[in-house]
Amino acid sequence: MEQDDAASEDKLYFGLNEYSKSLQWGVTSPLLRCDETFEKMVNTLLERYPRLHSMVIRCYLLIQQYSQALMALTTMASLRDHSTPETLSIMDDLITSPGKDKNGCGHMLVIRVPSVQLAMLAKERLQEVRDKLGLQYRFEILLGNPASELTVAKHFVTRLKTWRGYEQDDWIPRTYQDLEGLPCIVILTGKDPLGETFPRSLKYCDLRLIDSSYLTRTALEQEIGLACCYVSKEAIRGPIVALDLSEKEHEKANGSENDSDELLIDLDRPQSNSSAVTGTSGSLADNGVSSSSAADKSQKQAPTLNFQTVAHSSVDEGTYPSFSTGETMKQECDSLGNQMASSTTSKLSSLSSVSQTFRWPAHSAKDSKVLHAALPRIVILSKAAYCLLSSQKSGNLPSSSSLLPHADVSWLSSLRPLIHKDMNSEEQSLYYRQWTTARQHHADFSNQGEASGSRSFHPRRLLLTGPPQVGKTGSYLQFLRILFRMLIRLLEVDVYDEEEINANHTENSEITQSSNDHWPDIEIFSKMPFDLSVHDPKYRIISPVYTEQLSRVKQETSKETKSEEPKKRETVSMMLTKYAAYNTFHHCEQCHQYMDVNPAAQISDSTLHAFTFSSSMLGEEVQLHFIIPKSKENHFVFSKQGKHLESMRLPLVSDKNLNAVKSPIFTPSSGRHEHGLLNLYHAMEGISHLHLLVVKEYEMPLYRKYWPNHIMLVLPGMFNNAGVGAARFLIKELSYHNLELERNRLEELGVKRQCVWPFIVVMDDSCVLWNMHSAHEQSSQSLEPGGSSKNVSLKSVLQHIEATPKIVHYAILGVQKWNSRLNARKAKAPFSRCHVHDFILLNIDLTQNVQYDLNRYFCEDVDFNLRTNSSGLLICRFNNYSVMKKHIQVGGQKDFVVKPKIMVSDSLAPIMPLQYVCAPDSEHTLLAAPSQFLLEKFLQHATYKLFPKAIHNFKNPVLAIDCYLNIGLEVAICYVSSRPHSVNVNCEGVFFSGLLLYLCDSFVGADLLKRFRFLKGATLCVICQDRSSLRQTIVRLELEDEWQFRLRDEFQTANSSDDKPLYFLTGRHI
């Protein structure tokens, strides 16, 4: 191993420049050759058949040459005159080399045939000739096609495995390097060579088919690059002065012996193991001089060689067969005198009389180690390529360097400086950029300005440079694979894929519409019962809402609820479509104006406007701030002075504009300035729409930085720690106040108040794709349920819903949540009267007296839906549309970590939810978290302590007045509204296992509570803002008459008094 490493360090790269310089060495067997005889034959045929393509003529002639050479060397010596000396020499070496090696190893010949069809023809013809001559076990013929794998005959695969000592039965050669030592012809096809690495046993590269049509610098260097490799330093030492040997000196050289202190080789091929094989004496062969008689003996004996038994030893990878230092590494001369008949030999005897050798340092007998000779490969070129490489002047680059670099560019000017030999890769790249211009198919063609000086280049241009044969092509391809996966990943999105929950809690309604109806019929729809059960899978671990159907469901103990961490939700990867909503990482030419701020403009072009209104719920004035970019000011009404914001423009119910949606879109977002899907340009198909981001005051600078062209509604600072309930509450309050302002403004213009559009869209920042579903027509032949779906734009969904007849009579409209089983299930009614989430059209006029709970962090939409339904209002879900929600790992409540208010140590154990409450005035660790957040989290985990009678007992639910709170999956909540004329579930005959009173108002009285019956031992939980109101509530509701309280049953959330803790009292029914 140490020797190999040392040897690899002593190797130098033998590239195109070195090949060009080697022509000046004056050796009889040059590394770079031109087959003059072949070229004359090609020219003759081109004159005879002018309509044939030169590539076809060259290929057919080359096939014929190799076929005749095979026959001439085996059975028909008379055919020698019909083959060129180069072809005969190559085939002779290929056939005889396996017999000269003890393991049967041989050389590789690469024949370059760019056309795939011609390459396949060449392989078939040569295989046919080889097999008829009985040489199918002597060498292999392979088609090297980049589009297909190598196919090697089974007996050759066995031979390769034996050489390598492989024992796996299923091993097959997959790369050219796996063919090390295999005597073979590789017919390499394809437009351009793809940076393949060939084994050391590659000896010949036949590029005679690469004629002038391929002569750009890139193409030429790629073709010659097939032969380029690292070689031993000794192989490229400068030659000694050429010797002009006279006949006497020739005879003297024949009779002399080599000096003991030097090793003589020439550059054709290594000497055979036995002088009997070549028929020449050692001294004659060592000097590299052959006579015709020696050649004749060699040719007569070569076909009779026996193929040696394959041994289990292997050739050292990356080297030629090794020789001891006492042996001479010699390559036989490939002059015409060696290969042709006697008539040809006499003409060329003068050429074979001159030979030049390299002197390699002799190794002493003390360290007679194996010498690994890594030699350059022999390249046979077409005349056009040969002339380019042979015209190098000393000290300069070969003439090929002045070629056009690539076929897709052209020179800017004929008056340009030459490339200097000392230019590195970056300097040459800069030279070509400066002096060439792109043609039509070049990547930079569209980047060029009218004047040559204004040319620009792609900003993401990469130049990969590195030493030769270090794996640049492999690295580039790997980089492209990684880049491709990254780009594909940018086109993919993980969306939630979960089936609806609580399907068995629902009673089937007998009132349905036809599945072909596009919109609900309000006469039919209003008679449908509301489905109280929550079906959204994100709420799988919340308390079920009590229904008569639920009371008949037997609940099993759930293992999921016993773990602190909820089960990971199921997602599936989907390809984004042209209608997707995007985050800040999406950039394209269509939406960059929508996303990015104009470089000429500044962020200061957005104006900040205060908007104040009074809220009856808050009992005070609320001041919100709008940040409005100049380009979006047309959506608003300003005072005549243009400084004061008066209202946000609203359309009319009767408006019909296919290039706009009527409803303003509000998207509350927190912690997702980068990842929130706030780019709706493609989802809205680029049409006009009003989109407002609703953000907290402390997050405003970040959202403004990432979304400079968006309108922002900034919540007051007092809501910085509030939950999503506060955002929805303020959106609704603002929208109703704006509706009244717009009604007043338009009324002055003669528009009736009821004609102003009363809907807004409230949409989560994780809605990514929308789909339309259609049921198949069921026939006698197709009884299986199912349907089809297609991706549609948000624009088409909104426009469809906005076109609903008598839409102003609906309070909330929405769509269902997507899952992969939607189309496989039995088709359900096209419209449902049930809960809607995440993406809703909200009628702010009808729901004027129904409010979101501004304190809520969780389940605020379930609570609002129940309030809306109990008010007798209609909630409609379109089942023929669905929304996909992206799984976003940051933002929302995920970033909220409960910590002690005063940190004593950084390595504190996590605080459990049961520690979120404490006894009043106790020395409990106070927490830095909002009191409402602590309360809701505590209720989710304190089920067994608060409502033990309700555990797994859906027949006896917990009664909750005017609120829905999640108190654990094991407990059912019966929601009842205290408002007069409200619609409530039938509670007749129901005994409740608990009572939950949360911040109850004056509508809740003692008379209301006395209507309900409770189990003996049922538990009570009364929650109030402070201790004073808690005591007042107990007295006002006369709770002490039926409920028993103890002093130790009073609790508060674990906040400091500055953070306004919530207080609650528990009790037991007498």
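Definitions and cut-offs
- Chains are numbered independently. Their residues run from 1 in the order of the written sequence.
- Restriction of local features to residues with pLDDT of at least 70 applies here, the model being predicted, together with a cutoff of 80 or more for giving and counting side-chain atom pairs; totals for whole chains, interfaces and linings are based on all residues.
- The basis for every side-chain value is the complete set of non-hydrogen atoms in the structure, without hydrogens or water.
- Labels follow the DSSP assignment, with helices taken as runs of H or I lasting at least four residues and strands as runs of E lasting at least two, numbered in each case from the N terminus.
- Buried means the residue's accessible area, taken with a 1.4 Å probe over protein chains only, is under 20% of the maximum for its type, while exposed means over 50%, and partly exposed covers the values in between.
- In what follows, residue pairs with any heavy atoms lying within 4.5 Å of each other are defined as contacts.
- Reported accessibility uses the Shrake-Rupley method at a 1.4 Å probe radius. Residues are deemed covered only where the shown protein chains occlude them.
- Two strands qualify as a pair provided DSSP detects at least 2 bridges between them.
- Crossover handedness is defined by viewing with both strands directed away from the observer: a clockwise path from the first strand over the helix to the second marks the crossover as right-handed.
- Note on geometry: axes are lines fitted to C-alpha atoms, helical ones only across the stretch in contact, with angles between N-to-C directions running from 0 to 180 degrees.
- One less than the residue count of a helix, multiplied by 1.5 Å, gives the span that helix is expected to have.
- The angle separating two fitted axes, one through the seven residues that finish at a residue and one through the seven that start at it, defines the bend at that residue.
- Orientation labels follow simple angle bins: below 35 degrees gives roughly parallel, above 145 gives roughly antiparallel, 65 to 115 gives roughly perpendicular, and whatever is left gives oblique.
- Crossing handedness follows the turn of the near helix against the far one: under a right angle anticlockwise gives a left-handed crossing, and clockwise gives a right-handed one.
- Like-charged residues are merged into a patch within 9 Å and nonpolar side chains (Val, Leu, Ile, Met, Phe, Trp, Tyr) within 5 Å, provided each residue has over 30% relative accessible area and no salt bridge.
- Any carboxyl oxygen of Asp or Glu within 4 Å of a side-chain nitrogen of Lys or Arg constitutes a salt bridge here.
- Put simply, buried Ala, Val, Leu, Ile, Met, Phe, Trp, Tyr and Cys residues joined by side-chain atoms within 4.5 Å make one nonpolar core.
- Aromatic rings from Phe, Tyr and Trp, with only the six-membered ring used for Trp, were paired whenever their centres fell within 6.5 Å, and each pair was classed as stacked if the ring planes differed by under 30 degrees, edge-to-face if by over 60, and tilted otherwise.
- Should the NZ of a Lys or the CZ of an Arg lie within 6 Å of a ring centre and within 35 degrees of the ring normal, that charge is described as sitting over the ring.
- Only four residue types enter the charge count, namely Lys and Arg as positive and Asp and Glu as negative; His and the chain termini do not.
- Two N or O atoms count as a polar contact when they lie within 3.5 Å, although within protein this holds only if one can serve as hydrogen donor and the other as acceptor, and sequence-adjacent residues are included solely when both atoms are side-chain atoms.
- pLDDT expresses, on a scale from 0 to 100, how confident the predictor is about each individual residue.
- Throughout this entry, Asp, Glu, Lys and Arg are counted as charged residues, while Ala, Val, Leu, Ile, Met, Phe, Trp, Tyr, Cys and Pro are counted as nonpolar. The remaining residues, Gly among them, count as polar.

### What about the overall build of the protein chain?
At step 1: For the protein chain, the count of helices and strands is 27 helices and 35 strands.
At step 2: Counting the 1070 residues in the protein chain, one finds 51% classified as buried.
At step 3: At a minimum sequence separation of 6, the contacts of the protein chain that also span at least 24 residues come to 75%.
At step 4: Carbon and sulfur atoms make up 51% of the accessible area of the protein chain, which totals about 52100 Å².

### Focus: unusual backbone geometry
At step 1: One non-glycine residue, asparagine 502, lies in the positive phi region at around 55 degrees.
At step 2: Within the element layout of this structure, asparagine 502 appears in the loop between β13 (492-496) and α18 (522-525).
At step 3: With relative accessibility at 21%, the residue asparagine 502 sits in the partly exposed group.
At step 4: Although it is not a glycine, glutamate 685 adopts a positive phi angle of roughly 55 degrees.
At step 5: Relative accessible area serves as the criterion here: at 38%, glutamate 685 is assigned to the partly exposed category.

### Things to note about the pairing of strand β5 (residues 184-188)
At step 1: Of all 5 residues making up β5, 5 are buried, and the element is well covered by its neighbours.
At step 2: A two-sided burial pattern is seen for β5, the buried positions comprising Cys184, Val186 and Leu188 on one face and Ile185 and Ile187 on the other.
At step 3: Pairing of strand β3 (residues 108-112) with β5, which is carried by 5 bridges, proceeds in the parallel orientation. Paired with leucine 109 across the strands is isoleucine 185, a residue of β5.
At step 4: Here strand β4 (residues 140-144) runs beside β5; their pairing, made up of 5 bridges, is parallel. Looking at the pairing, isoleucine 141 lines up with isoleucine 185 of β5.
At step 5: Handedness of the crossover joining β4 and β5 through helix α7 (residues 154-164) is recorded here as right-handed.

### Let's talk about the sheet that holds strand β2 (residues 32-34)
At step 1: Across the sheet, 6 strands lie side by side as β2-β10-β6-β3-β5-β4; this open sheet has parallel pairing. The open sheet has two edge strands, β2 and β4, and neither has a second partner. Averaged over all neighbouring strand pairs, the angle between strand axes comes to 20 degrees, with direction disregarded.
At step 2: Packing against the sheet, helix α5 (residues 85-100) makes contact with β2, β3, β5, β6 (202-207) and β10 (378-381), and its axis sits at approximately 150 degrees to β6.

### Notes on α5
At step 1: Compared with the 22 Å implied by 1.5 Å per residue over 16 residues, the 22 Å span of α5 between its first and last C-alpha is a close match.
At step 2: The sharpest bend along α5 reaches about 25 degrees and sits at leucine 94, with the proline proline 98 one to four residues further on.
At step 3: Within α5, 16 of the 16 residues are buried, leaving the element largely enclosed by the surrounding structure.

### Thoughts on the packing of helix α4 (residues 54-74) against α5
At step 1: Where α4 contacts α5, the two axes come as close as 9 Å, and the packing angle between them is 55 degrees. If you check the angle between α4 and α5, you find them oblique. In this structure, α4 crosses over α5, and the sense of that crossing is right-handed. Contacts between α4 and α5 involve Gln65, Tyr66, Ala69, Leu70, Ala72 and Leu73 on the former and, on the latter, Thr87, Leu88, Ile90, Met91, Asp92 and Ile95.

### Section: a nonpolar patch on the surface
At step 1: A grouping of Leu462, Leu464, Tyr476, Leu477, Phe479, Leu480, Ile482, Leu483, Met486, Leu487, Leu490 and Phe585 is seen on the molecular surface, where their side chains present a nonpolar patch of about 1100 Å² in accessible area.
At step 2: Tracing the backbone shows phenylalanine 585 in the loop between β14 (571-575) and α19 (592-595).
At step 3: Given a relative accessible area of 41%, phenylalanine 585 falls into the partly exposed group.

### Some remarks on the sheet that holds strand β31 (residues 973-976)
At step 1: Read from one edge of the open sheet, 7 strands run β29-β34-β35-β33-β32-β30-β31, paired in mixed fashion. Strands with a single pairing partner mark the edges of an open sheet, and in this sheet they are β29 (917-918) and β31.
At step 2: Sheet topology places strand β30 (residues 958-961) next to β31; 4 bridges connect them, and they run parallel. Across the sheet, the residue bridging to isoleucine 961 is valine 976, located in β31.
At step 3: Set on the sheet, helix α24 (residues 931-941) makes contact with β29, β32 (991-998), β33 (1013-1024), β34 (1043-1053) and β35 (1063-1069); between it and β34 the angle comes to about 125 degrees.
At step 4: Its contacts with the sheet put helix α27 (residues 1027-1036) on β33, β34 and β35, and the angle it makes with β33 is roughly 150 degrees.

### Some words on the nonpolar core
In summary, soluble globular proteins display a tendency toward joint burial of nonpolar side chains.
At step 1: Among the nonpolar cores identified, the biggest contains 116 residues, and Phe626, Ile961 and Leu997 are the most heavily contacted of them.
At step 2: The dominant element in this core, judged by the number of residues it contributes, is helix α21 (residues 724-747), at 9 residues.
At step 3: Apart from the residues within four sequence positions on either side, leucine 997 is in contact with Ile961, Leu1009, Leu1020, Cys1021, Val1022, Ile1023, Leu1037 and Leu1039.

### Brief notes about the packing of aromatic side chains
At step 1: On inspection of all chains with the given rule, the structure shows 21 aromatic pairs.
At step 2: Taking the centre distance of 5.9 Å and the plane angle of 85 degrees together, the rings of phenylalanine 611 and phenylalanine 626 count as edge-to-face. You can see phenylalanine 611 sitting in strand β15 (residues 607-615) and its partner phenylalanine 626 sitting in strand β16 (residues 620-628), a full 15 residues away along the chain. Each member of the pair, phenylalanine 611 as well as phenylalanine 626, carries the same accessibility label: buried.
At step 3: Pairwise contacts between aromatic rings join Phe992, Phe1012, Phe1014 and Trp1043 into one cluster.
At step 4: Here the guanidinium or amino end of arginine 208 rests over the ring plane of phenylalanine 38, the centre of that ring lying 5.0 Å away.
At step 5: When the ring centre of tryptophan 411 is taken as reference, the NZ or CZ atom of arginine 416 above it lies at 3.6 Å.

### Quick notes on the side chain of glutamate 802
At step 1: You can see glutamate 802 is positioned in helix α22 (residues 794-802).
At step 2: For the buried glutamate 802, no salt bridge exists, and the shortest N-O distance to an oppositely charged side chain is 5.8 Å, to lysine 662.
At step 3: Of the polar contacts made by the side chain of glutamate 802, one reaches the backbone nitrogen of lysine 662; its length is 3.2 Å.
At step 4: Apart from the residues within four sequence positions on either side, glutamate 802 is in contact with Val661, Lys662, Ser663, Trp757, Ile807 and Leu841.

### Details of the confidence of the model for the protein chain
Regions with low pLDDT carry predicted coordinates that are not meant to be interpreted in detail.
At step 1: The pLDDT averaged across the protein chain works out to 82; a share of 80% of its residues lies at or above 70.
At step 2: Confidence drops under pLDDT 50 across residues 239-372; counting only partners more than four residues distant or on other chains, this segment forms 232 contacts.
At step 3: Under a pLDDT of 50 for its full length, residues 558-564 has, in the predicted model, 10 contacts with residues more than four places off or in other chains.

### Things to note about the side chain of glutamate 699
At step 1: Turning to its location among the elements, glutamate 699 is positioned in the loop between β20 (691-695) and α20 (700-706).
At step 2: Within polar-contact distance, the side chain of glutamate 699 engages the side chain of serine 670 at 3.1 Å.
At step 3: Filtering out sequence-adjacent residues up to four positions away, glutamate 699 remains in contact with Ser669, Ser670 and Gly671.

### Details of α22
At step 1: Counting buried positions along α22 gives 7 out of 9 residues, so the element sits mostly inside the fold.
At step 2: Along α22, the positions that sit buried rather than exposed are Leu794, Lys795, Val797, Leu798, His800, Ile801 and Glu802.

### Quick notes on the environment of serine 654
At step 1: Relative to the assigned elements, serine 654 resides in the loop between β18 (645-648) and β19 (665-668).
At step 2: Separated by 102 residues in sequence, serine 654 and valine 756 place their C-alpha atoms 8.6 Å apart.

### Observations regarding the environment of serine 1029
At step 1: Locating serine 1029 in the fold gives a position in helix α27.
At step 2: Note: C-alpha distance between serine 1029 and leucine 999 (30 residues apart in sequence) is 9.3 Å.

### Considerations on the packing of helix α3 (residues 36-48) against α4
At step 1: Contact geometry for α3 and α4: axes closest at 10 Å, N-to-C directions at 130 degrees. Here α4 runs oblique to α3, going by the angle between their axes. The hand of the α3/α4 crossing is right-handed. Across from Phe38, Glu39, Met41, Val42, Leu45 and Leu46 in α3, the residues of α4 making contact are Ser54, Ile57, Arg58, Leu61, Leu62 and Gln65.
At step 2: Looking at the contact of α3 with α4 residue by residue, the classes come out as 8 nonpolar, 2 polar and 2 charged.

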